[in-house]
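Here is how the chains run, residue by residue.
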Amino acid sequence: MFKSANLETSANDSLRSVSTLQASEQLSSKKGSDLGEYDPLTQADSEDETEDDDLVLNYPRNGLNPAVADLRGEEELDEEEELREGAGHEVGPGRSQGGAAEEKAARVRGAMRSAAFLLPLSCAALLVLLCAFLIPCPQGALLQMQWERELGDTAGVTSPPIALWDVDGDGLEDVLIAVTNISNDSQPMSAQSKELSVWALGGGGGQMLWRKSLREPLISVQCGLQTGSSDPLHSSACVLISSGHMIAINASTGWTLWTTAVGHVVSHAVLLPDLQGDAFPDLLIATLPEDKVSDLALVLISGRSGALIGRPVNFNLTAQGKLIGPLLHETQTGAYYVMFGLGTVEAVSLSLIYSRATGQTAASRVRLKDPTWERLRKSNSSSLIHISSVSDPVDFLLSLVVGSCQRLRNLDGVSALNCSRSDWIVLSNSSRRLSVLRASDTRPIWSLSLASIHTCPAAGHFNDDGVPDLLVHQSANGVRKVQIMDGARGRSLWEAEFVCPRLAVEDSSVLTASGQSVFLFWAGDPLAQPQNVSKVAEPVLRKLFLLHPNYPTILLELSSTTDTVLSAAVSYQAQQKDASYISVSSRPSSGRALGAQVLQTLSLRAAAADARILRLTDADKPSSFQLRKFFRRLAFRQVQQQTPDLHNHTLILSL
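Residues numbered from 1 in each chain as written. Predicted model: local features only at pLDDT ≥ 70, side-chain atom pairs only at ≥ 80, totals over all residues. Heavy atoms only, no water.

1. Some details on the packing of aromatic side chains
Summed over all chains, the structure comprises ten aromatic pairs. Ring centres of F315 and F340 lie 5.1 Å apart, and the angle between their planes is 55°; on these two criteria the pair is classed as tilted. Here F340 lies in strand 15 (residues 336–342) and F315 lies in the loop between strand 13 (313–314) and strand 14 (323–330), a separation of 25 residues in the sequence. The residues F315 and F340 share a single accessibility class, namely buried. On the numbers, 5.0 Å between centres and 75° between planes, the contact of Y551 with F630 is edge-to-face. Remark: F630 occurs in helix 11 (residues 624–632) and Y551 occurs in the loop between strand 28 (542–547) and strand 29 (554–561); sequence separation between them is 79 residues. Linked through ring pairs, W494, F498, F521 and F545 together constitute an aromatic cluster. (Phe/Tyr/Trp six-rings, centres within 6.5 Å; stacked < 30°, edge-to-face > 60°. Helix = DSSP H or I, 4+ residues; strand = E, 2+ residues; numbered from the N terminus. Buried < 20%, exposed > 50% of the residue type's maximum accessible area, 1.4 Å probe, protein only.)

This is the structure we're talking about:
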């Protein structure tokens, strides 16, 4: 019985061992198959053979044997489950809420880590986009907007012909100017040898682009004539006009395209619409023999080849005065008239000029005539329309437009269109009156008496009525009175008196980004009180002043010089939102009988930021800081190339 009990005990132990082994085998199969299957029956037989493998597989983990680590891990998991169950029985739902709070905090920490990573990355990407798309790339080397260059010799105070045009394709207007070099200047003028040429100087530093020698002195340099080339650098030409010839040259290289002998030329070239149907605009000039026995003639010239179109057209002009024009005017109906004269202003239809020159009928577009202008003809037998009276001699005929098209007279279609559709300014020397006339019927709108005026007015926008206002100056007894006249009503908008600078340089206006114009003029020191003395001493320094409509009691002194300024022009730099004041001066040279011709450019933004501030009144407002801040932000832009037909006026100035 004792033995049977022992046998049952042994059998039960054997069953337990087998159950334990089966459970171990199932556990090892669940944990993974990376270490192979666990067979307890063969484990004892292979102990000696796997000692080396155990050394490799059972490497320590954190200083522990893998088996021990697994057992401890299982024990720790069991203890954590027991603790959770015990805590659950003791605490209840509060512990579950704490676990949820910890999980929420963990999620918040994860979100914060993600945000901390993505935020700098987003900022870096935004910075790259800003640098790539918003910041403009530099265009080549740094431009030198203020420079000076000595060109040649000058005798007297004759202004050399000058033109502004982009000849090298860099987006900046370059300077083309006639240059005279005189050898043996100590000899009489008849024995002196002159070297005549035209120079093209870069607008960004004054470097020489090209130089062309000439045989005759120039009376005009005009650029922008279409050549028909598809290459942008060779698509425009410049026309050089001397007393006997017209020369068309490539604007980029200075190479001659064509030359025409047209007699004694006395005017600049006028751009006309296509008269021959060759898709090229044509030209018109005025000729007058040196003896002035023959009548003034208008000559048509092909813009493509330079050949004469027909023959010169003579007009019986009895007046003997200063040459007026010629200028092209397009009426509201689209009819073309040429305005010209000798001391008077006459108008003639372009179709009539073409018919008399060629004996043929002009194209349909050129044949148009304006009924209102045709009714101004006093006689059907006369081909001329009289704009001004013979008893009131005229000195100048100008376009009433804001910009430089009437001064530079470029031959591109945009500039010609801007001038041909504008109003007109007429300067006379007899009645000394300033009048505004309607171009439709030439009737006066307002008139104003003025003293002696030696230069042409400058048109700009001083007020906001849309009509160009006029900057005029009158000189008498050593005092120069500068005024801005309202172009719509003829009343004075601004005036001041200065010491007369003894200069006859045309004033300028420059359009700002706000639509207003700043006005530039040369004068001496301002006079606080009106001067009644008969003579004011001539100033040593000539000063260039800038007037802005927003601050009528403030003047900026941009520059001062002892040189004799001969001519001036304004060039725009669109990318820099700046404008340059270009002047040609005669500078005395020590030890030489003749002075030197000097070309200078002045950046208006840089000059305005560092200019001397002059107050015309005793008021201390605005402060100097406010003024500096305002003028540092000043930006300039080019004039719109379309003139609205809202104010169809003609301006006549009688001196």
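The rest of the description comes next.
2. Quick notes on the sheet that holds strand 4 (residues 193–201)
Two strands in a sheet stick together by hydrogen bonds in their backbones, pointing the same way (parallel) or opposite ways (antiparallel). Pairing within the open sheet is antiparallel, and its four strands lie in the order 2-3-4-5. The strands lining the two open edges of the sheet, one partner per strand, are strand 2 (162–165) and strand 5 (208–214). Across the sheet, the mean angle from the axis of one strand to that of its neighbour is 25°, orientation sign disregarded. Where strand 2 and strand 3 (residues 174–183) come together, four bridges link them in antiparallel fashion. The residue of strand 3 that forms the bridge with I162 is I177. (Pairing = 2+ DSSP bridges. Axes fitted to C-alpha atoms, helices over the stretch in contact; angles between N-to-C directions.)

3. Examining the nonpolar core
Ranked by size, the top nonpolar core spans 30 residues in total, and within it V510, L520, L558, Y581 and L604 carry the most contacts. Counting residues per element, this core draws most heavily on strand 30 (residues 564–573), which supplies four residues. For V510, the residues in contact, after removing those within four places along its chain, are Q516, S517, V518, L520, V570, Y572, A579, L604 and F636. Counting residues in hydrophobic clusters, the runner-up holds 26 residues, among them V270, L284, L288 and F340. (Core = buried A, V, L, I, M, F, W, Y, C linked by side-chain atoms within 4.5 Å. Contact = heavy atoms within 4.5 Å.)

4. Comments concerning the sheet that holds strand 24 (residues 479–485)
Spatially, four strands are ordered 22-23-24-25 in an open sheet, and the strand pairing comes out antiparallel. Strands with a single pairing partner mark the edges of an open sheet, and in this sheet they are strand 22 (458–460) and strand 25 (492–499). Direction aside, neighbouring strands of the sheet carry axes that sit 20° apart on average. Where strand 24 and strand 25 come together, seven bridges link them in antiparallel fashion. Following the sheet pairing, R480 is matched in strand 25 by F498.

5. Topic: a nonpolar patch on the surface
A surface patch of nonpolar side chains, about 330 Å² in accessible area, is lined by F117, L118 and L121. As for its placement among the helices and strands, L118 is situated in helix 5 (residues 93–134). By relative accessible area, which is 46% here, L118 ends up partly exposed. (Patch = residues over 30% accessible without salt bridge, like charges linked within 9 Å, V, L, I, M, F, W, Y side chains within 5 Å. Areas by Shrake-Rupley, 256 points an atom, 1.4 Å probe, with all protein chains shown as cover. Salt bridge = Lys/Arg side-chain N within 4 Å of Asp/Glu carboxyl O.)

6. Some thoughts on the pattern of salt bridges
Taken as a whole and judged by the stated rule, the model has seven salt bridges. Linking K543 and D525 is a salt bridge whose minimum nitrogen-to-oxygen distance equals 2.3 Å. Taken together, the positions of K543 in strand 28 and D525 in the loop between strand 27 (517–523) and strand 28 put the pair 18 residues apart, joining distant regions of the chain. Look at D525 and you get partly exposed, because its relative accessible area is 39%. Among the ionic contacts, a cluster of salt bridges with common partners joins D525, K543, E557 and R612.

7. Things to note about the confidence of the model for the protein
Caution is warranted with low-pLDDT regions, since their predicted coordinates should not be read in detail. Per-residue pLDDT for the protein has a mean of 78; in total, 74% of the residues score no lower than 70. In this model, residues 27–64 is a region of pLDDT below 50 whose contacts with residues beyond four sequence positions or in other chains number 18 contacts. Long-range and interchain partners of residues 86–92, a stretch whose pLDDT sits below 50, account for one contact in this model, where long-range means more than four residues apart. (pLDDT = per-residue confidence, 0-100.)

8. Here we look at helix 6 (residues 350–358)
Among the residues of helix 6, those classed as buried are L350, S351, I353, Y354 and A357. Burial along helix 6 is one-sided: seen end-on, the buried residues are contained in an arc of 160°. Positive phi shows up at G359, right after helix 6, with a value of about 75°. (Arc of directions from axis to C-beta.)

9. Here's the deal with unusual backbone geometry
Backbone torsion omega between G325 and P326 reads -5°, so that peptide bond is classified as cis. Residue placement: P326 occurs in strand 14. The backbone phi angle of N477 is positive, close to 55°, even though this residue is not glycine. Of note, N477 is situated in the loop between strand 23 (469–476) and strand 24. The phi dihedral of K577 falls on the positive side, at around 55°, and the residue is not glycine. Assignment of secondary structure puts K577 in the loop between strand 30 and strand 31 (578–587).

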